[in-house]
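Below, each chain spelled out in residue letters.
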Amino acid sequence: EMKTLSNYGAVDGFPVALYINRKFQGLYTWNLHKDDDLFGMEKGKAQAILIANDDSAPEAFFREQAAFAGDSPWEVEFCGTEDSSWAKDKLNALIEFVRESSDETFRRELKEHLDVDSAIDYYLSIYALGLTNHKAANLILVCYGEDQPFTASLFSMNSAFGLSEDGTKVREPEEFLPGEPTGNLLWDRLAESFRPEIEDRYAELRKTAFDPDGLCRRVTEYTSAIPQILTEADANLHPHPNPEISHVEQITRYIARRIELLDSHFLTGES
């Protein structure tokens, strides 16, 4: 279902210049919301969107059952049926499976709970884009039927390309690389049990979505559509943490080095 969605279900929007009381507030993006319209869901059907919003809670790391109450990180963003208990139970069944299954069972039966291809794409994407907070937070699980497995969806990308979420710091490309445990039981078990499939998929994406030249071109094409006078005004209002380079320069440098580092990890030729 997600193949036909706007930007495949990931955050999608366009740049805007924001003024409040005629005072320039900077450049922002006008984004689609992660709701039933974006994901092509219908009310009255057993379809649901679940999201983890906290990267410090054990439930978000698939180490405890989701309570869906109080400060629980998991929320039901949308449910097509009035009673959402089936969606909550479905998530807890996935968490329980991740926690309790043997290695052999995990590899054989994960597809019954979670679309493995989407999980591999999600796992590779958070490393390619440097999405450090996606180890637990911002994971969206969408379900298009009570008898269907969840699909992992990458929506928010506010920590991409090395910039911190609040824009005050820049991480080096060498930070947050595969090979070290993430602490998230789902991703750590996926990396261990599906290593050949992950390497094969990376090699495939390396020629398309993860091509560094193509990624850098997408960045420059996006930013070149913004009038230079607004780019300069925004840079003065929200200066880059490293004043010696521009945002675009920092991003393109990050992409080139990042993909180089991932190549050395995933293109081993062993699978």
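Scroll up to find the structure this text is about.
Just so we're clear, the structure is a prediction, and the values are computed from it rather than from any experiment.

Asker: What should I look at first to understand the overall build of the chain in this one?
Answerer: A tally of helices and strands in the chain yields eight helices and six strands. Sequence-ordered secondary structure for the chain, helices as α and strands as β, is β-β-β-β-α-α-α-β-β-α-α-α-α-α. The C-alpha atoms of the chain give a radius of gyration of 20 Å, which matches the 18 Å a tight globule of 271 residues would have. Buried residues in the chain amount to 45% of all 271 residues.

Asker: Before we go on, may I ask you to explain unusual backbone geometry in this structure?
Answerer: One can expect most non-glycine residues to show negative phi and most peptide bonds to be in trans. Phi at asparagine 21 takes a positive value of approximately 50°, unusual for a residue other than glycine. The phi torsion at asparagine 138 lies on the positive side, around 70°, for a residue other than glycine. When you line up the elements, asparagine 138 lands in the loop between α3 (116-128) and β5 (139-143).

Asker: What's the story with the sheet that holds strand β3 (residues 48-52) in this structure? I'm lost.
Answerer: Adjacent strands of a sheet pair through backbone hydrogen bonds, lying either parallel or antiparallel. The sheet built from four strands is open, its strands ordered β4-β3-β5-β6 with antiparallel pairing. Both edges of this open sheet fall to β4 (74-79) and β6 (151-154), since each of them pairs with a single strand only. Across this sheet, the average inter-strand angle for adjacent strands is 30°, counted without regard to direction. Pairing analysis gives four bridges linking β5 to β6, with the strands arranged antiparallel. Counted as the bridge partner of valine 142 is threonine 151 from β6. In the packing of α3 onto the sheet, the strands contacted are β5 and β6, and the crossing angle to β6 comes to about 25°.

Asker: How should a nonpolar patch on the surface be read in this particular structure?
Answerer: The grouping of Leu18, Ile20 and Tyr28 at the surface amounts to a nonpolar patch, some 260 Å² of accessible area in total. Note that leucine 18 resides in strand β1 (residues 13-20).

Asker: What is the right way to look at the pairing of β5 in this model?
Answerer: Looking along a regular strand, one sees the side chains alternate between the two faces of the sheet. Summarising burial for β5: five of the five residues are buried, a large majority. Side chains Leu139, Leu141 and Cys143 of β5 all project onto a buried face; the interleaved residues Ile140 and Val142 project onto the opposite face, where all are buried too.

Asker: Help me understand a negative patch on the surface, please; the structure alone is not making it clear to me.
Answerer: Where like charges cluster on the molecular surface, the negative patch consists of Glu82, Asp83, Asp89, Glu146 and Asp147. Tracing the sequence through the fold places aspartate 83 in the loop between β4 and α1 (85-100). A residue is classified by how much of its surface remains accessible, and aspartate 83, at 49% relative accessible area, is partly exposed.

Asker: Honestly, the pattern of salt bridges in this entry has me stumped. Any pointers?
Answerer: Oppositely charged side chains can pair when the atoms bearing their charge come close. Here the structure, examined in full by the defined rule, presents 13 salt bridges. Across the pair glutamate 197 and arginine 107 runs a salt bridge, and its minimum N-O distance is 2.6 Å. Placement of the pair is glutamate 197 in helix α5 (residues 195-206) and arginine 107 in helix α2 (residues 103-109), with a sequence separation of 90 residues. On the accessibility criterion, glutamate 197 (29% relative accessible area) is partly exposed. Between arginine 206 and aspartate 263 there is a salt bridge; the shortest N-O distance is 2.9 Å. Note that arginine 206 is positioned in helix α5 and aspartate 263 in helix α8 (residues 247-266), a separation of 57 residues in sequence. Accessibility expressed as a relative area gives 22% for arginine 206, which makes it partly exposed. Relative accessible area serves as the criterion here: at 16%, aspartate 263 is assigned to the buried category. Among the charged side chains, a salt-bridge network with shared partners connects Glu104, Arg108 and Glu109.

Calculation rules
Residues numbered from 1 in each chain as written. Predicted model: local features only at pLDDT ≥ 70, side-chain atom pairs only at ≥ 80, totals over all residues. Heavy atoms only, no water. Helix = DSSP H or I, 4+ residues; strand = E, 2+ residues; numbered from the N terminus. Rg over C-alpha atoms; globule rule 2.2 N^0.38 Å. Buried < 20%, exposed > 50% of the residue type's maximum accessible area, 1.4 Å probe, protein only. Pairing = 2+ DSSP bridges. Axes fitted to C-alpha atoms, helices over the stretch in contact; angles between N-to-C directions. Contact = heavy atoms within 4.5 Å. Patch = residues over 30% accessible without salt bridge, like charges linked within 9 Å, V, L, I, M, F, W, Y side chains within 5 Å. Areas by Shrake-Rupley, 256 points an atom, 1.4 Å probe, with all protein chains shown as cover. Salt bridge = Lys/Arg side-chain N within 4 Å of Asp/Glu carboxyl O. Lys, Arg positive; Asp, Glu negative; His and termini not counted. Charge placed at Lys NZ, Arg CZ, Asp CG, Glu CD.

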